[in-house]
Amino acid sequence: FARVLSDFNLPPEEVLHVGDSIEDDCFGARNAGMETLLLDRNGDREDEFPGIPIIRSLAEILAE
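Residues numbered from 1 in each chain as written. Predicted model: local features only at pLDDT ≥ 70, side-chain atom pairs only at ≥ 80, totals over all residues. Heavy atoms only, no water.

(A) Spotlight on the pattern of salt bridges. Inspection of every chain in the model, using the stated rule, returns one salt bridge. Here aspartate 7 and arginine 3 are joined by a salt bridge, their closest N and O atoms 3.6 Å apart. With aspartate 7 and arginine 3 both in helix α1 (residues 2–7) and four residues apart, the pair spans about one turn of that helix. Judged by its relative accessible area of 53%, aspartate 7 is exposed. Owing to a relative accessible area of 65%, arginine 3 belongs among the exposed residues under this scheme. (Salt bridge = Lys/Arg side-chain N within 4 Å of Asp/Glu carboxyl O. Helix = DSSP H or I, 4+ residues; strand = E, 2+ residues; numbered from the N terminus. Buried < 20%, exposed > 50% of the residue type's maximum accessible area, 1.4 Å probe, protein only.)

In structure tokens:
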């Protein structure tokens, strides 16, 4: 994550990372200082990770 931020000269606090893996996407992005959303299309992980925002569809990002 840090390398991509550096390559594009982006500050992490201005980047939103959306992924479907808690370990690879959400924890990695948060450790790099980025905001993150967990994509859970099936809706079966809603109570597993308190404090991590969950969306069921990428269309929800536009509603934010």
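(B) The arrangement of the nonpolar core in detail. Counting residues in hydrophobic clusters, the biggest one holds five residues: Ile22, Cys26, Leu38, Phe49 and Ile52. When neighbours within four sequence positions are excluded, isoleucine 52 is seen to be in contact with Ile22, Cys26, Phe27, Arg30 and Leu38. (Core = buried A, V, L, I, M, F, W, Y, C linked by side-chain atoms within 4.5 Å. Contact = heavy atoms within 4.5 Å.)

(C) View of a nonpolar patch on the surface. Taken together, the side chains of Val4, Phe8 and Leu10 present a nonpolar region at the surface, about 310 Å² in accessible area. Following the sequence through the fold, leucine 10 ends up in the loop between α1 and β1 (16–19). (Patch = residues over 30% accessible without salt bridge, like charges linked within 9 Å, V, L, I, M, F, W, Y side chains within 5 Å. Areas by Shrake-Rupley, 256 points an atom, 1.4 Å probe, with all protein chains shown as cover.)

(D) Here's a closer look at the pairing of strand β2 (residues 35–39). Where burial is concerned, most of β2 is hidden: four out of the five residues are buried. With four bridges joining them, β1 and β2 adopt parallel strand pairing. Note on β2: the bridge partner recorded for histidine 17 is threonine 36. Between β1 and its parallel partner β2, the chain crosses via helix α2 (residues 22–31), and the hand of that crossover is right-handed. Relative to strand β3 (residues 54–55), β2 runs parallel, the two sharing two bridges. For leucine 39, the partnering residue across the bridge sits in β3 and is isoleucine 55. (Pairing = 2+ DSSP bridges. Right-handed = clockwise from strand over helix to strand, strands pointing away.)

(E) Structural detail: α2. Buried within α2 are the following residues: Ile22, Asp25, Cys26, Gly28 and Ala29. Its buried side turned inward, α2 meets β1 and β2. N-capping of α2 is provided by serine 21, with a side-chain oxygen placed 3.0 Å from the backbone N of aspartate 24. In the stretch just after α2, glycine 33 is the one whose phi turns positive, near 95°. (Polar contact = N/O pair within 3.5 Å; in protein donor to acceptor, adjacent residues only side chain to side chain.)

Note that all results are geometric; they support no functional claim without further evidence.
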